[in-house]
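Analysis of the macromolecular model
Listed below are the residues making up each chain.
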Amino acid sequence: MQSSNDIKDTNAPHFEIQRIFVKDLSFEAPNTPHTFTEEWKPEVSLNLETKSNKIQDDLHEVVLSITATVNSNKKTAFLIEVHQAGVFVVKGFPNDQLHQMLGSFCPNILFPYAREVVSDTVVRGGFPQLILAPVNFDALYAQHMEKGKEGAKAN
């Protein structure tokens, strides 16, 4: 006889990480070696973007794109672009929760990997380590949803 603990609810929400990988990586240091001979006065510009693609029924790819441009003395010291991706099983969630999982929860998982790629690549490029500050993807997702609501009201 099976106990209720042995029976799995197939409709229960299920989340699983299938794979995490670097989809694209670009590093440019256009003014080297001259950048290394000048006083280091870094100014960092950062851009974040997330996208998700449905691969199969409950299988989704989420891509977190980070672009960091660092200028010193009004010249580009380096530019790094990382597309950190993951394949996730997201099953049994209502549509609003599914959207939040793909737009906030998954990017939260991907960010530490992307931060490590940025830091490692910048050091390999001969520059001081660039450590990205933590990002509140929940707040960014909420802002994105608010802008969507405002845009819908305007139409």
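Residues numbered from 1 in each chain as written. Predicted model: local features only at pLDDT ≥ 70, side-chain atom pairs only at ≥ 80, totals over all residues. Heavy atoms only, no water.

Thoughts on the overall build of the protein chain
Counting its secondary structure elements, the protein chain contains three helices and four strands. Order of helices (α) and strands (β) in the protein chain, N terminus to C terminus: β-α-β-β-β-α-α. When each of the 155 residues of the protein chain is scored for burial, the buried share is 30%. Of the contacts made within the protein chain by residues no fewer than 6 positions apart, 71% connect residues no fewer than 24 positions apart. Total accessible area on the protein chain is roughly 10,200 Å²; 49% of this is exposed by carbon and sulfur atoms. (Helix = DSSP H or I, 4+ residues; strand = E, 2+ residues; numbered from the N terminus. Buried < 20%, exposed > 50% of the residue type's maximum accessible area, 1.4 Å probe, protein only. Contact = heavy atoms within 4.5 Å. Areas by Shrake-Rupley, 256 points an atom, 1.4 Å probe, with all protein chains shown as cover.)

Digging into empty space enclosed by the protein
Scanning the model with the defined rule gives one cavity of 30 Å³ or more in all. Considered as a void within the structure, the largest cavity measures approximately 50 Å³ in volume. For the largest cavity, the full set of lining residues is Asn31, His34, Thr35, Glu38, Glu39, Ser72, Asn73 and Lys75. Grouping the constituent residues of the lining of the largest cavity by class yields no nonpolar, five polar and three charged. (1 Å grid on protein atoms, 1.4 Å probe; cavity = no way out; pocket = protein on both sides within 12 Å on 5 of 7 lines; lining within 4 Å. Points joined across faces, edges and corners; volume = space filled by probe spheres on them. Nonpolar A, V, L, I, M, F, W, Y, C, P; charged D, E, K, R; others polar.)

Concerning unusual backbone geometry
Following Thr32, the chain continues into Pro33 via a peptide bond in cis, with omega recorded as 5°. For Lys74, which is not a glycine, the phi torsion comes out positive at approximately 65°. Relative to the helices and strands, Lys74 resides in the loop between strand E3 (59-72) and strand E4 (75-91).

Quick word on the confidence of the model for the protein chain
Per-residue confidence for the protein chain gives a mean pLDDT of 91; residues scoring 70 or more make up 90%. Confidence scores differ between elements of the protein chain, with helix H3 (residues 137-154) showing the lowest mean pLDDT of 78 and E3 the highest of 98. (pLDDT = per-residue confidence, 0-100.)

Quick word on the nonpolar core
Counting 26 residues, the largest nonpolar core has Leu64, Phe78, Ile80, Phe111, Val118, Val122 and Leu130 as the members making the most contacts within it. When residues of this core are traced back to their parent elements, those giving at least two are E3, E4 and helix H2 (95-124). Of the residues forming this core, the biggest block, 10 residues, is contributed by H2. The residues touching Phe78, leaving out its near neighbours within four places in the chain, are Phe27, Glu28, Ala29, Trp40, Ala68, Thr69, Val70, Val122, Phe127 and Leu130. (Core = buried A, V, L, I, M, F, W, Y, C linked by side-chain atoms within 4.5 Å.)

Observations concerning the layout of surface pockets
By volume, the largest pocket amounts to about 380 Å³. For the largest pocket, the lining is made up of 14 residues, of which Thr50, Gly103, Leu140, Tyr141 and His144 are closest to its centre. Every element with two or more residues in the lining of the largest pocket is listed here: strand E2 (42-56), H2 and H3. For the lining of the largest pocket, the element with the highest residue contribution is H3, accounting for six residues.

Concerning the packing of aromatic side chains
Aromatic rings in a pair are described by how distant their centres are and how their planes are angled relative to each other. Counted under the stated rule, the structure contains eight aromatic pairs. Members of the aromatic cluster, connected to one another through ring pairs, are Phe27, Phe36, Trp40, Phe78 and Phe127. (Phe/Tyr/Trp six-rings, centres within 6.5 Å; stacked < 30°, edge-to-face > 60°.)

So, the pairing of E4
Most of E4 is tucked away, with 12 of its 17 residues classed as buried. Both E3 and E4 contribute to a ladder of 14 bridges, which runs antiparallel. What sits directly across from Leu59, in E4, is Val89. Hairpin connection of E3 to E4: two residues between the antiparallel strands, including Asn73 at a positive phi of 55°. (Pairing = 2+ DSSP bridges.)

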